[in-house]
Amino acid sequence: MLSAPHIFIYQHARSGLPPSPTSTGVRPDAAHRLGNAPGIVDRDTCRRRRRLVPCRAVLGGFLPSARRGPLSTLPTMTSLAISGHRESGQDVRSANVTACVAVANILRSSLGPQGLDKMLVDQVGDVTVTNDGATIVGLLEVEHPAARILTELAQQQDQEVGDGTTSVVILAAELLKRANDLVQDKIHPTNIIGGYRLAIREACKYVREQMATPVEALGRELLVNAAATSLSSKILGSAESSHFANMAVDAVLSIKTGGEKGGFPATYPIKAVHVLKCQGQSARESELLPGVALNCGRAAKGMPSRVSPARVACLDVDLRRTKMKMGVQVQIDDASALNAAQEKELDITRDRVRAILASGANVVLTTKGIDDAALKYFVEAGAIALRRVPLEDVRRVAKATGAVVQGSLADLDGNESLDESQLGAAEEAAEMRIRDDTVTVLRGCRSTAACSVLLRGPNEYMCDEMGRSFHDAVCVVKRTLESGTVVPGGGAVEAALSVHLDEYATSLGTREQLAVAQVAEALLVIPKTLAVNAALDATDLVARLRAAHYKSQTEKGKEELAMSGLDLLTGVVRNSSKAGVVEPALSKVKSIQFAAEAAITILRIDDAINVERKDADPEG
């Protein structure tokens with residue numbers, strides 16, 4: 001590295017200066033130390049090149065040619081000309097891989113039906129007990145920028161598929177780890193990225209053409225098996241998996257929209273499935289309720305417990321005595337005027353209630369309170385009023401019934417009114433008593449089909465985890481119906497792809513062959529982790545699983561072995577499809593694609609610059 005404080009860039013060829021240590025841009029006392037250092041340009045070189053000359057001392061930049069005249073000198077630049085810290089090359093790549101593997105190791109023990117749960121405590125002290133990958137990484141305060149890519153990866157998998165969040169993070173970290181080993185063996189990252197893309201393209205093609213089974217061939221039983229497979233790794237597994245799997249299938253089928261011949265394809269809006277969580281009783285007491293259920297009852301006992309047909313008004317309006325806004329003061333000197341002001345406050349609330357009832361509404365939902373003075377008007381009109389309903393529930397009811405959420409009753413004339421067109425419609429609104437809780441159910445909603453699920457559990461933590469588990473099962477059923485194909489579970493897909501990609505790698509005559517072979521090895525991390533979490537011999541089980549899939553791909557008459565997966569209860573290799581262990585094909589394809597793209601994104605990084613924040617100007 002240059003140690004002289006000044007270096008000469010170059011001069012015009014016609015400057016006429018004799019060559020000397022000074023004219024070559026080096027001070028006499030430093031000329032003997034530089035020799036032929038890169039970036040030093042003498043007069044003869046300038047005569048041959050009348051153009052920009054690169055100078056390594058300014059980070060590969062170019063300096064404009066000097067005009068005729070004295071020599072140009074610049075201070076030596078040996079570091080990045082910004083305020084911050086720079087890390088590049090293998091150091092930053094190894095740091096990124098280490099951070100991603102650390103995140104994957106947190107999730108590794110929660111994979112599969114024998115996986116364990118994690119307890120997370122936030123800064124406030126709220127406790128979350130779960131083994132859902134997206135929930136765990138969402139609650140982790142990950143600071144490393146590369147590791148944050150994996151947290152976003154799990155959330156993306158949860159949004160796209162709803163399940164497989166743990167496996168996608170583990171697979172991405174394994175791909176990164178093996179790619180880093182190749183880089184250390186002097187394989188360029190560009191060759192590794194090319195090989196990864198070839199392998200993923202071939203893997204997805206093989207899954208669609210060789211492993212996928214159409215849903216129509218198996219019917220409802222297949223949907224129940226797919227839901228049960230998802231629930232087997234959750235808190236709702238074991239004895240309750242069949243009960244909740246049937247509930248998930250019934251819930252998804254009840255919200256089907258479209259699908260008529262010649263019309264739009266069928267869709268299943270899972271937001272129409274409302275999950276209620278009530279503490280008390282056992283999980284077996286959970287049930288499916290038709291329509292939209294709200295975890296609140298009538299505001300007054302004098303109201304009817306059932307109205308039919310229901311005309312629903314969804315409000316975000318306060319129906320209590322009108323108060324002055326914050327900061328508004330009225331000075332009253334006369335006692336009679338004070339009574340008149342109080343009467344006016346009641347009159348404003350009364351006019352609002354009458355305007356609502358005049359529109360024909362007989363079911364009123366509001367996110368705010370209702371005064372006792374206002375409740376009597378609803379009782380006299382024979383309407384049901386629910387107060388302090390969560391805004392999310394009000395919006396769900398509005399979408400199901402066709403109502404419009406009203407944030408104000410003001411109209412263009414300066415009065416307060418509610419138009420009949422803003423109301424929703426349902427066949428019936430009724431209050432139900434379920435154990436010790438009161439819920440209000442709207443059945444036969446006009447706009448979209450809807451249903452509700454009541455989950456019972458002994459405590460808050462279990463109810464929350466049951467809600468997350470049921471959501472994953474509903475998403476799996478939805479994706480199974482929409483994609484129309486399933487694949488065997490228990491590590492069958494990963495083992496089959498490992499064998500196939502090993503054979504595919506031998507057909508390549510380029511360096512990408514090494515990367516494809518590493519993808520084949522990385523895919524085995526899923527069955528290995530499943531076996532380890534079940535306290536089984538992973539080496540023996542995975543070897544037998546690979547042997548079964550090798551026979552299915554090379555020997556005639558052994559095609560049935562392509563459905564072989566792991567039985568983690570007995571520790572044997574079995575036909576996963578016949579055992580009812582199936583997953584949506586979309587889930588596997590998306591997991592492989594997302595994991596590879598995340599690994600490639602991180603692998604492409606070879607320079608990390610942390611820019612320091614400048615202190616704010618105290619005078620500014």
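Basis of the calculations
- Residues numbered from 1 in each chain as written.
- Predicted model: local features only at pLDDT ≥ 70, side-chain atom pairs only at ≥ 80, totals over all residues.
- Heavy atoms only, no water.
- Helix = DSSP H or I, 4+ residues; strand = E, 2+ residues; numbered from the N terminus.
- Buried < 20%, exposed > 50% of the residue type's maximum accessible area, 1.4 Å probe, protein only.
- Contact = heavy atoms within 4.5 Å.
- Areas by Shrake-Rupley, 256 points an atom, 1.4 Å probe, with all protein chains shown as cover.
- Pairing = 2+ DSSP bridges.
- Axes fitted to C-alpha atoms, helices over the stretch in contact; angles between N-to-C directions.
- Salt bridge = Lys/Arg side-chain N within 4 Å of Asp/Glu carboxyl O.
- Core = buried A, V, L, I, M, F, W, Y, C linked by side-chain atoms within 4.5 Å.
- Parallel < 35°, antiparallel > 145°, perpendicular 65-115°, else oblique.
- Left-handed = near helix turned anticlockwise from the far one by under 90°.
- Expected span 1.5 Å × (residues − 1).
- Arc of directions from axis to C-beta.
- Patch = residues over 30% accessible without salt bridge, like charges linked within 9 Å, V, L, I, M, F, W, Y side chains within 5 Å.

S.K.: Run through the overall build of the protein chain, naming residues and quoting values.
M.R.: A tally of helices and strands in the protein chain yields 18 helices and 23 strands. Looking at the protein chain residue by residue over its 620 residues, the buried ones come to 46%. In the protein chain, the proportion of contacts linking residues at least 24 apart, taken out of those at least 6 apart, comes to 72%. In the structure as shown, the protein chain presents an accessible area of about 31,300 Å², 50% of it carried by carbon and sulfur atoms.

S.K.: Tell me about the sheet that holds strand β18 (residues 451-457), and name the residues and values.
M.R.: Across the sheet, which stays open at both edges, the three strands sit in the order β9-β18-β10 with mixed pairing between neighbours. The sheet is open, and its two borders are formed by β9 (273-279) and β10 (287-290), each paired with just one other strand. With direction set aside, neighbouring strand axes in the sheet form an average angle of 25°.

S.K.: Now, about the pattern of salt bridges: what can you tell me, with residues and values included?
M.R.: Pairs may arise between side chains of opposite charge once their charged atoms sit close together. Going through the model one piece at a time under the given rule, you end up with 26 salt bridges. With a shortest N-O distance of 3.7 Å, Lys-234 and Asp-132 are connected by a salt bridge. Residue Lys-234 is located in the loop between α8 (220-232) and α9 (241-254), and its partner Asp-132 is located in the loop between β7 (127-130) and α4 (133-139); the two are separated by 102 residues in the primary sequence. The pair Lys-234 / Asp-132 is uniform in exposure class, with both members buried. Ionic pairing is found between Arg-320 and Asp-318, a salt bridge with its closest N-O pair at 2.9 Å. Residue classification places Arg-320 among the partly exposed residues on the basis of a relative accessible area of 35%. Where salt bridges share partners, they join Asp-132, Asp-163, Lys-234 and Asp-472 into one cluster.

S.K.: Requested: an account of the nonpolar core, with residues and values cited.
M.R.: In this structure, Val-169, Leu-175, Ile-192, Tyr-196, Leu-497, Leu-501 and Val-519 are the most contacted members of the largest nonpolar core, which totals 74 residues. Residue contacts for Ile-192: discarding those within four places in its chain leaves Ala-179, Leu-182, Val-183, Ile-187, Ala-515 and Leu-603.

S.K.: A description of the packing of helix α10 (residues 335-358) against helix α11 (residues 372-381) should follow, citing residues and the corresponding values.
M.R.: Look at α10 against α11: their axes get within 9 Å of each other, and the N-to-C directions meet at 25°. Here α10 lies roughly parallel to α11, going by the angle between them. Crossing hand, α10 versus α11: right-handed. From α10, Leu-346, Thr-349, Arg-350, Val-353, Arg-354 and Leu-357 reach across to α11, where they touch Ala-373, Ala-374, Tyr-377, Phe-378 and Ala-381.

S.K.: An account of the environment of Leu-524 is requested, with residue identities and associated values reported.
M.R.: Turning to its location among the elements, Leu-524 is positioned in the loop between α15 (512-522) and α16 (525-533). Classification of Leu-524 by relative accessible area gives buried; the value is 4%. Each C-alpha atom, one on Leu-524 and one on Ala-495, is 6.2 Å from the other, the two residues being 29 residues apart in sequence.

S.K.: Account for the sheet that holds strand β19 (residues 485-488), naming residues and giving values.
M.R.: Strand order in the open sheet formed by three strands is β8-β19-β22, and the pairing between neighbours is antiparallel. Of all the strands in the sheet, just β8 (213-214) and β22 (582-584) have a single pairing partner and so form its edges. Two strands pair when backbone bridges link them, and β8 and β19 are joined in this way by two bridges, in the antiparallel orientation. Each residue of the ladder has a partner; that of Thr-213, found in β19, is Val-486. Against the sheet, helix α18 (residues 585-603) touches β19 and β22, its axis set at about 65° to β22.

S.K.: Talk me through the environment of Ile-605; I want residue IDs and the actual numbers.
M.R.: The residue Ile-605 is located in the loop between α18 and β23 (607-611) in this model. According to the relative accessible area criterion, Ile-605 is partly exposed, its value standing at 27%. Counting along the chain gives 516 residues from Ile-605 to Gly-89, while the straight-line C-alpha distance between them is 8.7 Å. Those residues in contact with Ile-605, other than ones at most four positions away along the chain, are Val-92, Arg-93 and Asn-96.

S.K.: Tell me about unusual backbone geometry, residues and numbers included.
M.R.: Residue Pro-309 is bonded to the preceding Ser-308 through a cis peptide linkage, with omega at -10°. By secondary structure assignment, the location of Pro-309 is in the loop between β12 (306-307) and β13 (310-315). Unlike most non-glycine residues, Lys-186 shows phi in positive territory, near 70°. Of note, Lys-186 is situated in the loop between α6 (165-184) and α7 (189-211). Of the residues examined, Lys-186 reaches a relative accessible area of 72% and is grouped as exposed. One non-glycine residue with positive phi stands out, namely Arg-388, at about 55°.

S.K.: Now, about helix α5 (residues 145-160): what can you tell me, with residues and values included?
M.R.: Within an α-helix, residues lying three or four positions from one another point in the same direction, as the helix has 3.6 residues per turn. For α5, with 16 residues, the first-to-last C-alpha span of 23 Å sits near the 22 Å given by 1.5 Å per residue. For α5, the full list of buried residues reads Ala-146, Ala-147, Leu-150, Thr-151, Leu-153, Ala-154 and Gln-157. Looking straight down α5, one finds that the buried residues subtend no more than 165° of arc, so they occupy a single side. Relative to its buried face, α5 has exposed residues pointing more than 90 degrees away, namely Pro-145, Glu-152 and Gln-159. Next to the buried residues of α5 lie α3 (90-108), α4, α6 and α18. Once α5 finishes, Gly-162 follows within two positions and takes phi at roughly 100°, a positive value.

S.K.: Describe the side chain of Thr-438, naming the residues involved and giving the relevant values.
M.R.: Residue position: Thr-438 is located in strand β17 (residues 437-445). Look past the residues within four positions of Thr-438 in its chain and what remains in contact with it is Leu-294, Asn-295, Cys-296, Gly-297, Glu-431, Met-432 and Arg-433.

S.K.: With reference to specific residues and values, describe a nonpolar patch on the surface.
M.R.: A grouping of Val-330, Ile-332 and Leu-338 is seen on the molecular surface, where their side chains present a nonpolar patch of about 240 Å² in accessible area. Relative to the assigned elements, Ile-332 resides in the loop between β13 and α10. Look at Ile-332 and you get partly exposed, because its relative accessible area is 33%.

No statement about biological role is implied by the geometric values presented.
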